[in-house]
Amino acid sequence: MRKSARYSTLAAAGLLALSSLTACANDAASTASTGSGKGTKVKIMVGGLDKVIYMPAMLTQRLGYFDAEGLNVELLTEPAGVQAETALVAGQVQGTVGFYDHTLDLQTKGKAVESVVQFSHAPGEVEVVSTKAAGDITSPKDFKGKKLGITSLGSSTDFLTKYLAVKNGVKVSDFSPVAVGAGATFISALQQGSIDGGMTTDPTVATILDKKAGKVLVDMRTPEGSQKALGGPYPSSSLYMQTDWVNGHKDTVQKLVNAFVKTLKWMSTHSAAEIAAKMPADYAQGDKALYTQSIKSTLPMFTDDGVMPENGPETVEKVLKAFNTNIQNADVDLSKTYTTEFVEAAK
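Before going into details, it helps to say that this report is about the structure given with it. Predicted model only: the values in this text are computed from it and were never measured. (Residues numbered from 1 in each chain as written. Predicted model: local features only at pLDDT ≥ 70, side-chain atom pairs only at ≥ 80, totals over all residues. Heavy atoms only, no water.)

## Describing the pairing of strand 6 (residues 125–130)
Okay, so step 1: Along strand 6, six of the six residues are buried, which leaves the element largely enclosed by surrounding structure.
Okay, so step 2: Both faces of strand 6 are covered, namely the face carrying Glu-125, Glu-127 and Val-129 and the face carrying Val-126, Val-128 and Ser-130.
Okay, so step 3: Looking at chain direction, strand 6 and strand 10 (residues 214–220) are connected through six bridges and run antiparallel. Pairing of Val-128 across the sheet is with Val-216, part of strand 10.
Okay, so step 4: Pairing geometry for strand 6 and strand 9 (residues 197–200), over four bridges, is antiparallel. Each residue of the ladder has a partner; that of Val-126, found in strand 9, is Thr-200. (Buried < 20%, exposed > 50% of the residue type's maximum accessible area, 1.4 Å probe, protein only. Helix = DSSP H or I, 4+ residues; strand = E, 2+ residues; numbered from the N terminus. Pairing = 2+ DSSP bridges.)

Right under this line is the structure:
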């Protein structure tokens, strides 16, 4: 069913509340990747450029698909999706590559934001436990009293950790979420015992397993894993934008979607090794084989056409309603959280 883009007036009070997060967030993006310098300029904030779940952003640039569409795309990075979300709402960027679930959360705060192309139908997230704590945590039922790592408070890892707890009879007040980021900071926290377990993505997962620093507890890198843990497809990585900006720049949005859909199709017909060869060399952190394995493990989460998976928004709403009082008390209009207008045209 075709979903048309609609928008509502942004609430000033909500903007102030979200803007305040900027002061608490890390400094400006730690990494930037600038396009050709030609064409329409667009800034996109990514919730971790080197995370495999957000791989289509950098890969699209490396394949030259932005240039082919006449776009000059600057990719910026923040360590957590919630910080990337803040940059979008504050008007610092035109788009965010992050989790679709933020569009629902923002709607309850008076923000009209929508996904314009959906990269995935599974979270790509993994709940790991430290080797030391593996005997005490055999399922989310054992989260009570534990310290669990997330990228940051209000992030999608925070959302999903809370859902796994509540679904398994553990109150969100019964465990301690600890913001430890991803990559080296997450691994260090796991090894030092600052956290008993936590939620993260590849390539962090691959490194943890390689170092024997932890074990997989819940794997949501595949549609099957998403179904088992969350009860359905869970659209996660996406390009989302403010709806009023989308409506005012449809030609530019269409070009962005065209580029991303080309990348998703390319990914579906190439091996993990071929994909890894296209990515920046430093993303492998000196171990190309391990990086390739991390891509292979995560590839099943991606769509090949950018289309929102059927019943995906409903699964996300169910998950968020399990613990998010804002969404529990709100009447979320899912049709306003995404549009298929552009992916349909890209076909």
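## Side note on the sheet that holds strand 6
Okay, so step 1: Spatially, five strands are ordered 8-7-9-6-10 in an open sheet, and the strand pairing comes out mixed. The open sheet has two free edges, formed respectively by strand 8 (176–179) and strand 10, since each of these has just one partner strand. Ignoring which end each strand starts from, the neighbouring axes of this sheet average 25 degrees apart.
Okay, so step 2: Note that strand 7 (residues 147–150) and strand 9 share two bridges and pair parallel. Note that in strand 9 the partner of Leu-148 across the bridge is Gly-197. (Axes fitted to C-alpha atoms, helices over the stretch in contact; angles between N-to-C directions.)

## Considerations on the packing of helix 7 (residues 184–192) against helix 8 (residues 204–211)
Okay, so step 1: Helix 8 packs onto helix 7 with a crossing angle of 35 degrees between their chain directions and a minimal axis gap of 10 Å. Crossing handedness for the pair helix 7 and helix 8: right-handed. Seen from helix 7, the contacting residues are Phe-186, Ile-187, Leu-190 and Gln-191; seen from helix 8, they are Thr-204, Thr-207, Ile-208 and Lys-211.
Okay, so step 2: The residue inventory of the contact of helix 7 with helix 8, partitioned by class, reads four nonpolar, three polar and one charged. (Left-handed = near helix turned anticlockwise from the far one by under 90°. Contact = heavy atoms within 4.5 Å. Nonpolar A, V, L, I, M, F, W, Y, C, P; charged D, E, K, R; others polar.)

## Quick notes on the nonpolar core
Okay, so step 1: Counting residues in each nonpolar core, the largest one holds 77 residues, and the members touching the most others are Ile-44, Val-116, Val-117, Leu-239 and Leu-256.
Okay, so step 2: It is helix 11 (residues 250–268) that provides the largest number of residues to this core, a total of nine residues.
Okay, so step 3: Core analysis: the second largest hydrophobic core is formed by eleven residues, Val-126, Val-180, Ile-208 and Ala-213 among them. (Core = buried A, V, L, I, M, F, W, Y, C linked by side-chain atoms within 4.5 Å.)

## Here we look at the pattern of salt bridges
Okay, so step 1: Here the structure, examined in full by the defined rule, presents nine salt bridges.
Okay, so step 2: Note that Asp-202 and Arg-221 form a salt bridge whose closest N and O atoms lie 2.9 Å from each other. Taken together, the positions of Asp-202 in the loop between strand 9 and helix 8 and Arg-221 in the loop between strand 10 and helix 9 (223–230) put the pair 19 residues apart, joining distant regions of the chain.
Okay, so step 3: Of the residues examined, Asp-202 reaches a relative accessible area of 1% and is grouped as buried.
Okay, so step 4: Here Lys-250 and Glu-341 are joined by a salt bridge, their closest N and O atoms 3.1 Å apart. One end of the pair, Lys-250, is in helix 11; the other, Glu-341, is in helix 16 (residues 341–346), and 91 residues separate them in sequence.
Okay, so step 5: Classification of Glu-341 by relative accessible area gives buried; the value is 15%.
Okay, so step 6: It is possible to trace a salt-bridge network through shared partners that takes in Asp-202, Asp-219 and Arg-221. (Salt bridge = Lys/Arg side-chain N within 4 Å of Asp/Glu carboxyl O.)

## Quick notes on the environment of Glu-69
Okay, so step 1: Tracing the sequence through the fold places Glu-69 in the loop between helix 3 (65–68) and strand 3 (71–77).
Okay, so step 2: Judged by relative accessible area, Glu-69 falls into the buried class, the value being 15%.
Okay, so step 3: Between the alpha carbons of Glu-69 and Leu-256 there is a distance of 7.6 Å; along the sequence they are 187 residues apart.
Okay, so step 4: With near-sequence residues (within four places) excluded, Glu-69 lies in contact with Lys-255, Asn-258, Ala-259 and Lys-262.
Okay, so step 5: At a separation of 3.1 Å, a polar atom in the side chain of Glu-69 contacts the side chain of Lys-262. (Polar contact = N/O pair within 3.5 Å; in protein donor to acceptor, adjacent residues only side chain to side chain.)

## With respect to the environment of Pro-313
Okay, so step 1: Note that Pro-313 resides in helix 14 (residues 312–321).
Okay, so step 2: Residues Pro-313 and Tyr-338 lie 25 residues apart in sequence; the distance between their C-alpha atoms is 8.8 Å.
Okay, so step 3: Residues within four places of Pro-313 in sequence aside, it is in contact with Tyr-100, Pro-235, Met-308, Leu-334 and Tyr-338.

## Some points on the pairing of strand 11 (residues 237–242)
Okay, so step 1: Across the six residues that make up strand 11, a large majority, six, are buried.
Okay, so step 2: Pairing between strand 4 (residues 95–99) and strand 11: four bridges, direction antiparallel. Looking at the pairing, Val-97 lines up with Leu-239 of strand 11.
Okay, so step 3: By the bridge criterion, five bridges tie strand 5 (residues 113–118) to strand 11 in an arrangement that is antiparallel. For Glu-114, the partnering residue across the bridge sits in strand 11 and is Met-241.

Geometry only, nothing functional implied.
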